[in-house]
Amino acid sequence: LLMGAAKFNKDITIRGAKPTNISFMFQAAASFNSKLNIDTSNCDNFTGMFLSASKFNQPLTNFDFSKAVLMGDMLSYATSFNQPIDFGNMPLLQKAGYIFSNSNFNSSIKFNAPILQDASGWFLNNPKFDNTIIGSFRSVVNMEYFFWYASSFNKPINDWDIRNVLSFIGFM
């Protein structure tokens, strides 16, 4: 929709439509930092939605992530984004690699994704993240580069259920 619209910065309301795929919707919309009113109750693909939207810092509290399957790179390079995230119940989420990579995100995260398999690179090259993650990694098999160059992170992770992870390459 606004991919590469470097100067766009207006509120967005989408009425009536219930999109299923909003991937890369605001990719590289470098100036975008306005309110969003989008019915995401049918969306299964949030991949790269705010990728490189460097000024975006609006709450996502009105987003419904319950049908999300893909969320990779959703906020990668969104260097201003720092809102608390409560993804809620995401029973279908499978892939969420690099979701906060190359950003300055440092707010709390809550999620429930019982079949999530790919949590690779969540905080790759994120120099600011040092906050709480509340959720289950029980079904995750890939946590490669999860905290790679996340130079500020210093929270306990000993209560995380990571028994099914097969790859920890570059985890920290």
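Residues numbered from 1 in each chain as written. Predicted model: local features only at pLDDT ≥ 70, side-chain atom pairs only at ≥ 80, totals over all residues. Heavy atoms only, no water.

Next up on the list: the packing of aromatic side chains. Applying the stated rule across the entire model yields 33 aromatic pairs. Measuring from centroid to centroid gives 5.6 Å for Phe111 and Trp122, while their planes differ by 65°, and the two rings are edge-to-face. Note that Phe111 is positioned in strand 4 (residues 109-112) and Trp122 in the loop between strand 4 and strand 5 (133-134), a separation of 11 residues in sequence. Judged by its relative accessible area of 3%, Trp122 is buried. Geometrically, the ring pair formed by Phe123 and Phe147 is stacked, given 5.6 Å between the ring centres and 10° between the ring planes. In this pair, Phe123 is assigned in the loop between strand 4 and strand 5 and Phe147 in the segment after strand 5, connecting sequence segments 24 residues apart. One exposure class covers both Phe123 and Phe147, and it is buried. (Phe/Tyr/Trp six-rings, centres within 6.5 Å; stacked < 30°, edge-to-face > 60°. Helix = DSSP H or I, 4+ residues; strand = E, 2+ residues; numbered from the N terminus. Buried < 20%, exposed > 50% of the residue type's maximum accessible area, 1.4 Å probe, protein only.)

To continue, consider the nonpolar core. The tendency in soluble globular proteins is for nonpolar side chains to be buried as a group. Of all hydrophobic cores here, the largest spans 50 residues; its most connected members are Phe50, Met71, Trp122, Phe123, Ile133 and Phe146. Among all residues touching Met71, those that are not within four sequence positions of it are Phe46, Thr47, Phe65, Phe87, Met90, Leu93, Lys95, Ala96 and Ile99. (Core = buried A, V, L, I, M, F, W, Y, C linked by side-chain atoms within 4.5 Å. Contact = heavy atoms within 4.5 Å.)

Our focus in this paragraph is the side chain of Asn126. Examined against the element boundaries, Asn126 turns out to sit in the loop between strand 4 and strand 5. Setting aside chain neighbours within four positions, we find Asn126 in contact with Phe100, Asn102, Ser103, Asn104, Phe105, Tyr149, Ala150 and Ser151.

One pass over the structure, following the stated rule, counts 4 salt bridges. Lys18 is the salt-bridge partner of Asp39, the closest N and O atoms lying 3.7 Å from each other. In this pair, Asp39 sits in the loop between strand 2 (36-38) and strand 3 (85-89) while Lys18 sits in the loop between strand 1 (12-14) and strand 2, placing the two residues 21 residues apart along the sequence. Overall, Asp39 belongs to the partly exposed group, its relative accessible area being 28%. (Salt bridge = Lys/Arg side-chain N within 4 Å of Asp/Glu carboxyl O.)

Once that is clear, we can look at empty space enclosed by the protein. A complete count under the given rule lists 1 cavity of 30 Å³ or more for this structure. As a volume, the largest cavity reaches approximately 40 Å³. Lining of the largest cavity is provided by Phe87, Met90, Leu93, Ala96, Ile99, Phe111, Leu116 and Trp122. Here the lining of the largest cavity is built from residues that sort into 8 nonpolar, no polar and no charged. (1 Å grid on protein atoms, 1.4 Å probe; cavity = no way out; pocket = protein on both sides within 12 Å on 5 of 7 lines; lining within 4 Å. Points joined across faces, edges and corners; volume = space filled by probe spheres on them. Nonpolar A, V, L, I, M, F, W, Y, C, P; charged D, E, K, R; others polar.)

Here we come to the sheet that holds strand 4. One open sheet accounts for 3 strands, arranged 3-4-5; its pairing is parallel. Strands with a single pairing partner mark the edges of an open sheet, and in this sheet they are strand 3 and strand 5. Of the strand pairs in this sheet, strand 3 and strand 4 are connected by 3 bridges, and their pairing is parallel. In the strand pairing of strand 4, Asp86 is matched with Lys110. (Pairing = 2+ DSSP bridges.)

Turning to the environment of Ile22, a few remarks are in order. Along the chain, Ile22 turns up in the loop between strand 1 and strand 2. Residues Ile22 and Ile85 lie 63 residues apart in sequence; the distance between their C-alpha atoms is 18 Å. Contact partners of Ile22, with chain neighbours within four places excluded, come to Thr40, Cys43, Asn45, Phe46 and Met49.

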